[in-house]
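The chain contents come next:
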Amino acid sequence: MVYHHSFATGGHGKDEYFGEPNKLNDQVDGRTAESCNVYNMLKMTRTLFALQPDIKYAEFQERALFNHVLGSIDSADGRTCYMVPVGRGVTHEYQDMFESFTCCVGTGMENHALHGDGIYYESGDKLWVNLYTPSTVEWKTMGVKLTMETDFPEGRTVKLKLELKSKSKFTLALRRPSWAKEGFTVTVNGGKVSQVPPAGSYVELTRKWKSGDTVELVLPKTLREETVPDNARRVALLWGPLVLAGNLGPEEWKWNRKNMDDLAVVPVFVTADTNVANWLKPVAGQPGACRTEGVGREKEVDFVPFYRLHRRTYAVYWDLFSPQEWNKRAREIAAEREKQHKLELATVAYAQPGEMQPERDFNQQGEDSEPDRIMGRPARRGSKWFSFDLPVDPAHPMALVATYYDDEWRKRTFDILVDGQKIGEQVIQERRTPHFFDVEYPIPADLVNGKKKVTVRFQATNGNEIAAVFGLRMIRADAGR
Ligand SMILES: [Zn+2]
C-alpha cells in the first residue's frame, strides 16, 4: 500500500478502486485519495508500530497525517472531505454538514479526535518520540512528564522539557525524519550531541535524566520532487514532509474545466534544471509558500502546504519538460488543436449530454438513464436507452461522433440507432487506461435525405449497460479533416 499504491500525500485509490501496483501515472487525475482509507491505514500503522517499532511506520504516519488528514478538514467550518484528490485541476469533495453521512464523514470526525494518538510510544525504559507537534505526555511508569513545544510543521525547531519525580535513567528515542538532512542537530541542555545517526533513524539518548533537562532539535526542510513510480517526469513537490499544492484558481472552476491539457488552467514546468530549489522560490515572510520562477507554461504557479489550501482548484502532480521535450510536446499540442479545429468546422450540431440546457435543446428522452460526471466532464449513461434529436445537413454525407471514457467499471455493450435503424454497435471493456476517446459512425444517406433532424438513440444490449457518453457531434463526413 505505502510503497506501491500511495500518492505523495499518503492517500491512495481512484474512484474507490486500486490500480496496478507501481502504476500511478494514469491514476493521479480525477477522484483520488478517499479519506476513510487513510484513516484505516493510520489505525493499522499505529498498531504495527506498537508491535514492531520500525521507523518506517512513523514516517508514513507523518506523511499521511500532515498532508492528507490535516488537508481533509476545512478549518473555517469543520467540514470533512470524501476525496482529497491529488491530480491536476482538482477540488476537495467537502461533505455537507447536515446532509452527508458517508464513510468519510464518520471516520472524518474520528481523524481529528485522534491527533493525540501515536505521538509517543513507551516500552520498558524507552520512550519514542514519533511526531513533532505541541503536546504533553505523562510517562507514568517512569514518573516523567515531557512537554514538547514546536512551531513544526512550518517551523523547524522542537524543544522537549522534562519533569521528573527523581533522577532516573532511561532512553529517549527521537525520530530523525528521512527528509531532515544537512543541518539536523540535537542538543541536550545546550550541548550539541556530536554523533547523530543518518536521516531516517532514531537518535537514542540514554542517560540519567533530571527535572529541568531540555532537549532541542533543529529539523531543516528542503524542497524536493517525488515522482510517480512509472513516470520520472510527473512529480509532486515537497518541502520537508509537506506536500505543496499549486493554487490554480477559484473552486467554482471545477465544472468549467475543459480538460487537464489546457495549459492556461493547469500549467506545466519547462526547465533543464534538475534542482527544484533553483526554480521554486520561497515567498518572504510566509513559511511554506513558494512560487515558480521562469518555468511555468502558460503561467507561473503559487504553492502553499497542501493541508492549508482549501476551497480552491489545485494540483499536486505536475509534468516537467526539458526545453527539447517541450518543443516536441508543443508541436503535438498544436497538431491536436488543429485536428479539433477541423472537427469543429465539420460540425453541424454538438450536444452535451448530462447538462440540463443542452439536453433540453436536443430533446433528450430516455428510460433508466441518468447524468454522470467523470474527470469534471458531464455525460449521460443508462441501463435501457436514451436519445437526442440532432440536426442534419442532407446536402453532405453525415457521420456521428460520440465521446466515451476507457475506464468503465464493467463491460458495456450497446447499439447506436438513427431513426430506429442501427448504424453501429459499441463494446467498451472494463477498467482500461483512463482516457477519453471519439468513435465515428457513418450514417447511410437514406436516413438523412430530405430531413432537417434525426433521432439518435443509444440502446443497451446483451444485458449490459450503455457506457457514459460525454459528447455527441453530428458532422459533415466529407469535410477535409
Ligand atoms: Zn470513505
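Now for a quick tour of the structure. (Residues numbered from 1 in each chain as written. Predicted model: local features only at pLDDT ≥ 70, side-chain atom pairs only at ≥ 80, totals over all residues. Heavy atoms only, no water.)

**Quick word on the packing of helix α1 (residues 35–51) against helix α3 (residues 103–113)**
One way to put it is that α1 packs onto α3 with a least axis distance of 8 Å and a crossing angle of 45°. It follows that α1 is oblique to α3 by the angle criterion. As for how α1 packs across α3, the hand of that crossing is left-handed. Of α3, the residues touching α1 (which contributes Ser35, Cys36 and Tyr39) are Cys103, Cys104, Thr107, Glu110 and Asn111. By residue class, the composition of the contact of α1 with α3 is 4 nonpolar, 3 polar and 1 charged. (Axes fitted to C-alpha atoms, helices over the stretch in contact; angles between N-to-C directions. Helix = DSSP H or I, 4+ residues; strand = E, 2+ residues; numbered from the N terminus. Parallel < 35°, antiparallel > 145°, perpendicular 65-115°, else oblique. Left-handed = near helix turned anticlockwise from the far one by under 90°. Contact = heavy atoms within 4.5 Å. Nonpolar A, V, L, I, M, F, W, Y, C, P; charged D, E, K, R; others polar.)

**Examining the pairing of strand β2 (residues 120–123)**
With 4 bridges connecting them, β2 and strand β3 (residues 126–129) associate as antiparallel partners. From the neighbouring strand, Tyr120 faces β3, where its bridge partner is Val129. Here β2 hands over to β3 after 2 residues, with Gly124 in that stretch at a positive phi of 60°. (Pairing = 2+ DSSP bridges.)

**So, the coordination of the zinc ion**
Protein-derived coordination of the zinc ion comes from Glu34 (OE), Cys36 (SG), Cys103 (SG) and Cys104 (SG), at a distance range of 2.2 to 2.3 Å. Note that the zinc ion binds 4 donor atoms; their angles at the metal cover 94 to 122°, and the shape is tetrahedral. Each donor residue of the zinc ion lies on one chain, and together they are spaced E-x1-C-x66-C-C. Taken together, the residues span a long stretch of sequence, with Glu34 in the segment before α1 and Cys103 in helix α3 at a distance of 69 residues. The exposure class of Glu34 is buried, given its relative accessible area of 6%. (Donors = N, O, S within 2.8 Å, 3.2 Å for Na, K, Ca; no water. Tetrahedral: all angles 85-135°; square planar, octahedral: opposite > 155°, others 65-115°. Buried < 20%, exposed > 50% of the residue type's maximum accessible area, 1.4 Å probe, protein only.)

**Things to note about the sheet that holds strand β7 (residues 168–176)**
What the 4 strands build is an open sheet, ordered β2-β3-β7-β10; its pairing is mixed. Edge positions in the sheet fall to β2 and β10 (201–209), since each of these pairs with one other strand and no more. Shown here is a sheet whose adjacent strand axes are inclined to one another by a mean of 20°, direction ignored. Sitting on the sheet, helix α2 (residues 55–71) is in contact with β7 and β10, with an inclination near 55° to β7.

As far as function goes, none of this settles anything; it's purely spatial.
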